[in-house]
Amino acid sequence: MAAETQDATRDVVTRWAWVEVDLEVIRQNVRAFKAFTRPPTKMMAVVKADGYGHGAVATAKAARAAGVDAFAVATVDEAIALREGGIREPVLILAQPPASSVPLLARYGVMPAVYDLEFLACLGRQAEESGVEARYHLAVDTGMDRIGVPWDGVAEFMRVAERLSGLRLDGTFTHFATADRVSDWDFTLQLNRFKKAVAALREAGVNPGVVHCANTASIVLHPDAHFDMVRLGVGMYGLHPSEATVGRIELTPAMSVRARATRVVRPQVGEGVGYGMTYRVARPSIQIATLPLGYADGLSRRLSNKMEVLYDGARWRQVGNICMDQCMVEVEPEIARLRGRDVRPIEAGDEVTVVGRLGDDEITLDELADKLGTINYELACDFGMRLPKRYVNAGSLLD
Ligand SMILES: *Cc1c(COP(=O)(O)O)cnc(C)c1O
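Residues numbered from 1 in each chain as written. Predicted model: local features only at pLDDT ≥ 70, side-chain atom pairs only at ≥ 80, totals over all residues. Heavy atoms only, no water.

Asks: Go over the overall build of the protein chain with me, naming the residues and quoting the values.
Replies: Each helix and strand in the protein chain was counted, giving 12 helices and 21 strands. Projected onto the principal axes, the alpha-carbon positions of the protein chain cover approximately 80 × 45 × 40 Å. Across the 399 residues of the protein chain, 53% fall into the buried class. Here the analysis covers contacts within the protein chain between residues at least 6 apart in sequence; of these, 67% occur between residues at least 24 apart. (Helix = DSSP H or I, 4+ residues; strand = E, 2+ residues; numbered from the N terminus. Buried < 20%, exposed > 50% of the residue type's maximum accessible area, 1.4 Å probe, protein only. Contact = heavy atoms within 4.5 Å.)

Rendered as structure tokens:
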């Protein structure tokens, strides 16, 4: 398998556990979403949280190759990482950062979301000083009560904002709390408030710039919310935002999590495994294989004794408490043989799939998220935090 470590200066395998990201799959997913939009609607790829754990720069480049126009992140540091990684397209920070970061915004040419006049004044002063107009997007709170100028106060906000110099309103946006439901009263209320806010700006003689509000779910479910640009997040990584989009768009997950067994033993019956010995070996035919990834790598400890992995065409239970950096799985070729399957005894160095496809079976982030009572978004972010990333089907994207 053609594999690249994220750190090109160190092309050495330093860990037998990794996140595999298929960049061709990301391109395909982006194209699948583009088919839901019509020109001249633009597409912004949301690569916050290191590209939902997939690696921000690499996934941004894959999305760009599939025709994305702009990028969004959550923090100033993430925006800088994109610039330093060679992304030249517009970059929007989806929240208003601390005013102390304004010089960095100017230096790297990235746009903040704005909803506070004091911050905006600071942005304007910096623009005057540097002689370069500062672009920003106006965040509008239409009912999520997270960030933004309240929807019925935008005209008043801009009346004051327009007295500040050095600034350019590049876009106006809101975010939906319930876009992942097919038909929803709260969604319709937010959409109507957003339309009213944009109309109020125009009536006041303010050009709202690029108008945008659709996240992944809205791209598929709410074409009436596309406006000038859509913001594609979780979907480009091949994950559904909820059940509501399943069956409406064909997506392939880009992330797999794999590991190689670092040690294999065949303990005596009754021996315990791991901290607290929450599992005991029940049959002499059971092999216990150690995998070098644990809860610090995103494999939540709450999955202990509750999840499975794929090895040699079969599912095997994870056993014992998941440790910080390691976990154990049981493999029992004799049991497989009784079920008519020939499974090779596992040996140190053999590859195990923790998330992803192996043969015709697949362990999805959704499967693990269901067990944890959370969403695929969170698990993708978690797996991305410490595990090294290997990109496959990168072509010349990362050269
Ligand atoms: C994260 C985020 C998105 C992307 O949402 P998905 O559901 O992943 O598509 C879009 N807009 C804002 C403001 C966000 O915070």
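Asks: Just give me the short version of the site of the ligand, but keep the residues and values in it.
Replies: Around the ligand lies a shell formed by Val 46, Lys 48, Tyr 52, Leu 94, Arg 146, His 175, Asn 215, Thr 216, Arg 231, Gly 233, Val 234 and Tyr 377. Within the contact set of the ligand, an oxygen atom lies 2.7 Å away from a side-chain nitrogen or oxygen of Lys 48. At 2.5 Å, a side-chain N or O of Thr 216 approaches an oxygen atom of the ligand. A total of 390 Å² of accessible area belongs to the ligand in isolation, and the protein chains cover 93% of it. Residue composition of the shell around the ligand, grouped by class: 5 nonpolar, 4 polar and 3 charged. (Near = heavy atom within 4 Å. Polar contact = N/O pair within 3.5 Å; in protein donor to acceptor, adjacent residues only side chain to side chain. Areas by Shrake-Rupley, 256 points an atom, 1.4 Å probe, with all protein chains shown as cover. Nonpolar A, V, L, I, M, F, W, Y, C, P; charged D, E, K, R; others polar.)

Asks: Could you give an account of the nonpolar core, naming the residues involved and the relevant values?
Replies: Ranked by size, the top nonpolar core spans 124 residues in total, and within it Phe 71, Leu 123, Leu 293 and Phe 383 carry the most contacts. Per-element tally for this core: the top contributor is helix α8 (residues 185-203), with 6 residues. Two domains each donate at least three residues to this core, and these are domain 1 (23-237) and domain 2 (261-392). Setting aside its immediate chain neighbours within four residues, Phe 383 contacts Val 19, Met 255, Val 257, Asp 297, Gly 298, Leu 299, Val 355, Leu 365 and Leu 368. With 8 residues, the next largest nonpolar core counts Val 273, Val 281, Ile 286 and Val 319 among its residues. (Core = buried A, V, L, I, M, F, W, Y, C linked by side-chain atoms within 4.5 Å. Domains from an automatic or database assignment.)

Asks: Break down the domain arrangement of the protein chain for me, with residues and values.
Replies: Here the protein chain is described as being made up of domain 1 (23-237) and domain 2 (261-392). One C-alpha centre belongs to domain 1, the other to domain 2, and the line joining them spans 39 Å. Contacts between domain 1 and domain 2 engage 10 residues on the former and 8 residues on the latter. Interface of domain 1 and domain 2: buried area, both sides summed, is about 710 Å²; carbon and sulfur atoms make up 67% of it. Close ionic contact of Asp 50 with Lys 389 constitutes a salt bridge, the shortest N to O distance being 3.2 Å. Inspection of the region where domain 1 meets domain 2 yields 3 residue pairs in polar contact (both at pLDDT 80 or more). For the side of domain 1 that touches domain 2, the leading source of residues is helix α2 (residues 48-52), giving 3 residues. Residues that form the side of domain 1 that touches domain 2 fall into these classes: 5 nonpolar, 3 polar and 2 charged. (Buried area = accessible area lost by both parts, 1.4 Å probe. Salt bridge = Lys/Arg side-chain N within 4 Å of Asp/Glu carboxyl O.)

Asks: How would you sum up the side chain of Thr 172? Please name residues and give values.
Replies: Tracing the sequence through the fold places Thr 172 in strand β8 (residues 167-173). Residue classification places Thr 172 among the buried positions, given a relative accessible area of 1%. The contacts of Thr 172, once residues within four sequence positions are left out, are His 137, Leu 138, Val 140, Phe 194, Val 198, Leu 201, Pro 208, Val 210, Val 211 and His 212.

Asks: Run through helix α6 (residues 117-130), naming residues and quoting values.
Replies: Count 3.6 residues to each turn of an α-helix, and residues three or four apart come out pointing the same way. Taking 1.5 Å per residue as the helical rise, α6 with its 14 residues ought to reach 20 Å, and the 20 Å between its terminal C-alpha atoms agrees with that figure. Among the residues of α6, those classed as buried are Phe 119, Leu 120, Ala 121, Cys 122, Leu 123, Gly 124, Gln 126 and Ala 127. On its buried face, α6 is in contact with α5 (102-108), β5 (111-114), β6 (134-141), α7 (154-161) and β8. Capping the start of α6, Asp 116 holds a side-chain oxygen 3.2 Å from the backbone nitrogen of Glu 118, two or three residues further along. Positive backbone phi, at 75 degrees, marks Gly 131, one or two positions downstream of α6. (Expected span 1.5 Å × (residues − 1).)

Asks: So what about α7? Which residues, and what values?
Replies: Three or more residues of α7 are buried, namely Val 154, Phe 157, Met 158 and Ala 161. Viewed end-on, α7 has its buried residues packed into an arc of 90 degrees, placing them on one side of the element. Lining the buried residues of α7 we find β5, α6, β6, β7 (149-150), β8 and α8. (Arc of directions from axis to C-beta.)

Asks: Requested: an account of the environment of Glu 133, with residues and values cited.
Replies: Looking at where Glu 133 falls in the secondary structure, it is placed in the loop between α6 and β6. Spatially, the C-alpha atom of Glu 133 lies 56 Å from that of Tyr 311, the residues being 178 residues apart in sequence. With sequence-adjacent residues up to four places away left out, Glu 133 is seen in contact with Ala 127, Gly 166, Leu 167 and Arg 168. Among the polar contacts listed, one links the side chain of Glu 133 to the side chain of Arg 168, at a separation of 3.5 Å.

Asks: Could you give an account of the pairing of strand β2 (residues 42-46), with specific residues and numbers?
Replies: Most of β2 is tucked away, with 4 of its 5 residues classed as buried. Strand direction decides the pairing type here: β2 and strand β3 (residues 70-73), joined by 3 bridges, are parallel. Opposite Ala 45, over in β3, you have Phe 71 as the bridge partner. (Pairing = 2+ DSSP bridges.)

Asks: Got a sec to walk through unusual backbone geometry? Specific residues and values, please.
Replies: As a rule of thumb, non-glycine residues mostly have phi less than zero, and peptide bonds are mostly trans rather than cis. In this model, Pro 39 is joined to Pro 40 through a cis peptide bond whose omega is 5 degrees. Summarising the element assignment, Pro 40 is placed in the loop between α1 (23-34) and β2. Phi at Asp 145 takes a positive value of approximately 55 degrees, unusual for a residue other than glycine. Considering the arrangement of structural elements, one finds Asp 145 in the loop between β6 and β7. Exposure remark for Asp 145: the relative accessible area of 66% places this residue in the exposed category. Positive phi, normally seen in glycine, also occurs at Met 277, with a value near 45 degrees. For Met 277, the position within the fold is in the loop between β13 (272-273) and β14 (279-280). Residue class for Met 277 comes out partly exposed when judged on its relative accessible area of 43%.

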